[in-house]
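# Analysis of the macromolecular model
Each chain, letter by letter, is given below.
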Amino acid sequence: MEATAEQFRTCATTGLKVHGPAENLIKTNAVTAIVFLLVGGIVGLTLVLTRWQAVHLLDDEWFYRMLSLHGIAMLVAWMIFFEMAILYFASAVLLNCRLATPWAGWLQFLLMFVGAAIVAVEILLGNADVMFTSYVPLKADHMYYLGVIIFAVGAIVGCLVFFGTLVVAKKEKTYSGSMPLVTFGAAAAAIIALFTLVHGAITFIPTWAWAAGLAPMMDAELYRMLFWGFGHSSQQINVAAMVAVWYLLGTLTVGAIPINEKVCRTAFVLYILFINIASEHHLLVDPGLGIEHKIWNTGYFMHLAVLASMIHAFSVPAAVEVALRKKGFTRGAFEWLKKAPWGNPAFSALAISLVGFGFLGGITGVVYGTEQVNIIAHNTMRIPGHFHATVVVGTTLAFMGLTYYVLPLIFLREVAFPKLAKIQPYLFGLSMYVVSITMMIAGGFGVSRRSWDMSGIESPFQVNFGPVVDLNLAIMGIAGVLACIGGAIYCVIAVATLLIGKKVEA
Amino acid sequence: MSVQSLQPGWWKTPVHKEERIWITVALIWCILMTLIMPLWHVVGEHNPSAEYYRIAPEDFDKLTDEFIDKYKVGVEGDFAVVEPPAGADIFLRGSQWQWDPVLKLKVNETYRLHLSSIDVLHGMSIYPINLNFEAVPGYDYVLTITPTSTGTFNIICNEFCGISHHNMMGKIIVQ
Ligand code: HEM
Ligand SMILES: [Cu+2]
Ligand SMILES: [Cu+2]
């Protein structure tokens, strides 16, 4: 398919040629992502108000149903729709190129949307109270698994469109030399996505067949292993995409230039090579695998992926520091930090995301993933504490920060309510810090995750966790409400910008 | 800039000294972290078990019933209370939504605890010492345990196992 000249506009800010069909796909995927974030956020509010023992909002059935929906709407739909927008942006826009096969892009959107809708409806109908992990032998209606599969096929199509666009750009020489770092990082995410989704297919197709009555059930432990080969590795899509967005935000907010591209890119390659291998840390206290296997899997290779994160953790702030010093903020060790654009929501989002991801998410991930510590962390509230620091503080907040540039650059609208936008990353990010930490503390006392009532209200052997845990969960509840307000402000700003935002010159 | 393509030669840019130091420190730290887990596995006493056998859920169900019949000393509500001799093979059966039986153990004696489920996944979480193991149907997970303090311990199910998951509590009494 040939692209015609009318399909392009030239961006006034960057001088890049922007392909119309690519732009429409970016917009559609991003808006859909935000709708799912809104749904997941409202659901998250009901969850946190239920686990706040004194409030205990939902009944048991709806708590588990909403928990399933929250996992799917957030971890699956919000993240992956937004990542599709990022893939199209990093390929077509940054490479100054047309999008390869826009029809396939629309196919991606359609499949993912239909898949996510089926899954959400099945959950709401009460046909799939199995959590997003859907461990067998717990069984959902077969349509649920089918929805997941359709969604995954859509995501695969999106990755292929991305790679196709890279090929087109190379062939049509829309850029010279090597592709930009952000595109490289997005490519790392897309490669990880491809092999992850294959794992997903191996897990979900036989499970669907079983639920539909066509095949026997997969071994329960084998399911866990295959599921986490998919479920854990796919988190690395989120990490790679987030790091690519960090570099992008550094450049957009202060003009940061990566200190050494060789190092940054090598680190992305380490992600591709080593992350899937750590997925057995989900199985450390399971029967089924030998201890040598688990130690090898979760020890040696995993740390090469950790090394990659350590490299980015230096490289991103260093690039920001250098850029700010070039602006003349050279007094003392920290003038650059003081004079950084803290009022720019994209910058504060970058900073809060980076620090939270590293110190709360990364460190707890490495620690809880060790054999010995996992015994006391497995399936306790420590685990949601860990991943609300990674995928929420880290990835979600980075994506939110990016939105403050996507709105003017792609949607051509000035961000509505700029004063609210200024505080949004602080409100959302910092309250989420508190939610994560209080979850971890509760987990330390042995409070388990995914539990409607930790005391076992109808059991003859009730547990009394005591006032410290109650107080802690109350703090989690309050911080959770604040985080939801922060999330809601983000959604309101995005929607208001689209509806009433002042138009920017194209 | 991270959004601009790179011209040939970028690979040859030398790595700055500070960044080299950081990477070296990070690498050493990673190597240490890599070593510490297997090392602890050898010198530490806090490791997950690696002993397990395949077993059909029906068979595990039967073995647990036999175990209960053999050592039953009483009942607590709907639950059998079982007091096995020191060193015995003891069974803990997860099912929707209870842990059977209630176990009475002696402090400082060692037992081989067989953990499994006869329906969906369950999670054995011993409260308040917070030790967590997965109960998987089809697998007999053998944990060698030596209670070192007396008292009553709850077994909280911490793997979602259906609508009454939060009510799935068991009990171990150590005397
Ligand atoms: C907006 C604020 C949010 C709040 C207040 C919130 C709160 C919660 C709570 C209370 C739970 C239940 C923990 C448990 O009982 O096991 C939970 C689970 C979870 N959350 Fe969030 N969350 C928020 C945002 C997010 C976002 C943005 C993501 C993903 C990107 C996310 C991903 C998850 C996942 C994957 C689970 C686990 C579900 C499961 O166990 O199946 N959350 N969240
Ligand atoms: Cu259970
Ligand atoms: Cu359970």
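Worth saying up front: this structure is predicted, and the values here are computed from it rather than measured.

Analysis parameters
Residues numbered from 1 in each chain as written. Chains lettered and ligands numbered in written order. Predicted model: local features only at pLDDT ≥ 70, side-chain atom pairs only at ≥ 80, totals over all residues. Heavy atoms only, no water. Helix = DSSP H or I, 4+ residues; strand = E, 2+ residues; numbered from the N terminus. Rg over C-alpha atoms; globule rule 2.2 N^0.38 Å. Buried < 20%, exposed > 50% of the residue type's maximum accessible area, 1.4 Å probe, protein only. Contact = heavy atoms within 4.5 Å. Areas by Shrake-Rupley, 256 points an atom, 1.4 Å probe, with all protein chains shown as cover. Lys, Arg positive; Asp, Glu negative; His and termini not counted. Charge placed at Lys NZ, Arg CZ, Asp CG, Glu CD. Pairing = 2+ DSSP bridges. Axes fitted to C-alpha atoms, helices over the stretch in contact; angles between N-to-C directions. Domains from an automatic or database assignment. Near = heavy atom within 4 Å. Polar contact = N/O pair within 3.5 Å; in protein donor to acceptor, adjacent residues only side chain to side chain. 1 Å grid on protein atoms, 1.4 Å probe; cavity = no way out; pocket = protein on both sides within 12 Å on 5 of 7 lines; lining within 4 Å. Points joined across faces, edges and corners; volume = space filled by probe spheres on them. Nonpolar A, V, L, I, M, F, W, Y, C, P; charged D, E, K, R; others polar. Buried area = accessible area lost by both parts, 1.4 Å probe. Salt bridge = Lys/Arg side-chain N within 4 Å of Asp/Glu carboxyl O. Donors = N, O, S within 2.8 Å, 3.2 Å for Na, K, Ca; no water. Tetrahedral: all angles 85-135°; square planar, octahedral: opposite > 155°, others 65-115°.

Counting its secondary structure elements, chain B contains 2 helices and 12 strands. Ordered by position in the sequence, the α and β elements of chain B form the string α-β-α-β-β-β-β-β-β-β-β-β-β-β. For 175 residues, the compact-globule estimate of 2.2 N^0.38 gives 16 Å, and chain B exceeds it by more than 25% at 24 Å. The buried share of chain B, taken over its 175 residues, is 49%. When contacts within chain B are restricted to residue pairs at least 6 apart in sequence, those whose partners lie at least 24 apart make up 57%. Accessible surface for chain B amounts to roughly 8300 Å². Of this, 59% is attributable to carbon and sulfur atoms. Averaging the locations of the 12 positively and 20 negatively charged side chains of chain B gives two centres separated by 7 Å.

A separate point is the sheet that holds strand β7 (residues 111-117) of chain B. Residues and elements named next belong to chain B. The strand order across the open sheet built from 5 strands is β1-β10-β7-β4-β5, with neighbouring strands paired in mixed fashion. At either margin of the open sheet sits one strand with a lone partner, and together these are β1 (51-54) and β5 (98-100). Adjacent strand axes in the sheet meet at a mean angle of 25°, parallel and antiparallel pairs treated alike. With 4 bridges joining them, β1 and strand β10 (residues 139-145) adopt antiparallel strand pairing. The residue of β10 that forms the bridge with Y52 is Y141. Contacts from helix α2 (residues 57-71) reach β4 (89-95), β5, β7 and β10 within the one sheet, and its direction differs from that of β4 by about 125°.

Let's shift gears to the domain arrangement of chain B. If you check the domain split of chain B, you get domain 1 (13-42) and domain 2 (51-174). Here the C-alpha centre of domain 2 of chain B lies 42 Å away from the C-alpha centre of domain 1 of chain B.

Let us now look at the site of ligand 1. In the neighbourhood of ligand 1, 25 residues make up the surrounding shell, with A:R51, A:H70, A:H388, A:R449 and A:R450 lying closest. A:R449 is positioned such that a nitrogen or oxygen atom in its side chain is 2.9 Å from an oxygen atom of ligand 1.

Attention shifts here to the layout of surface pockets. Residues and elements named next belong to chain B. There is about 610 Å³ of room inside the second largest pocket. Forming the boundary of the second largest pocket are 24 residues, of which I129, L131, T144, I145 and T146 lie nearest the centre. Contributions of two or more residues to the lining of the second largest pocket are made by β8 (122-127), β9 (131-135), β10 and β12 (169-174). Per-element accounting of the lining of the second largest pocket gives the leading share, 4 residues, to β10. Tallied by class, the residues present in the lining of the second largest pocket amount to 16 nonpolar, 7 polar and 1 charged.

Residue and element names in this part refer to chain A. By the definition in use, this model includes 4 cavities of 30 Å³ or more. Approximately 70 Å³ is the volume found for the largest cavity. In terms of lining, the largest cavity is formed by I26, A30, F82, A85, I86, F89, L402, V406 and I410. Where the lining of the largest cavity is concerned, the elements lending two or more residues are α1 (20-51), α2 (60-93) and α14 (382-409). If you tally residues by element for the lining of the largest cavity, the top one is α2, at 4 residues. Reported here for the second largest cavity is a volume of approximately 50 Å³. Lining the second largest cavity are F89, L248, L252, L402, Y405, V406, L409 and I410. Those elements that place two or more of their residues in the lining of the second largest cavity are α7 (233-254) and α14.

This part is about the interface of chain A and chain B. Of the residues lining the interface, 89 residues belong to chain A; the matching set on chain B comes to 66 residues. Between chain A and chain B lies a buried interface of about 6500 Å² when both sides are counted; carbon and sulfur atoms form 67% of it. Contact with chain B buries surface across chain A, with A:Q372, A:I375 and A:F461 losing the most and accounting together for 12% of the total. At the boundary of chain A with chain B, the tally comes to 4 salt bridges. We note a salt bridge from A:R224 to B:E134, for which the minimum N-O separation is 3.6 Å. Put simply, chain A and chain B have 30 residue pairs in polar contact (both at pLDDT 80 or more) between them.

Before going further, it helps to spend a moment on the coordination of the copper ion (ligand 3). Residue and element names in this part refer to chain B. Around the copper ion (ligand 3), the protein contributes the donor atoms C157 (SG), E159 (O), C161 (SG) and H165 (ND1), which lie 2.0 to 2.3 Å from the metal centre. Every donor counted, the 4 donor atoms about the copper ion (ligand 3) form angles of 93 to 124° at the centre, which fits tetrahedral coordination. All donor residues of the copper ion (ligand 3) come from one chain, and their arrangement in sequence is C-x1-E-x1-C-x3-H. The metal-metal distance between the copper ion (ligand 3) and the copper ion (ligand 2) is 2.7 Å, with C157 coordinating both.

Okay, the sheet that holds strand β11 (residues 151-157) of chain B next. Residues and elements named next belong to chain B. Ordered by their spatial adjacency, 7 strands build an open sheet running β2-β3-β6-β12-β11-β8-β9, and the pairing between neighbours is mixed. The two strands at the open ends of the sheet, each matched to only one other strand, are β2 (72-76) and β9. Strand after strand, the sheet turns through a mean of 25° between neighbouring axes, direction not considered. Here strand β3 (residues 79-82) runs beside strand β6 (residues 102-105); their pairing, made up of 2 bridges, is parallel. Directly across from V82, in β6, lies its bridge partner L103.

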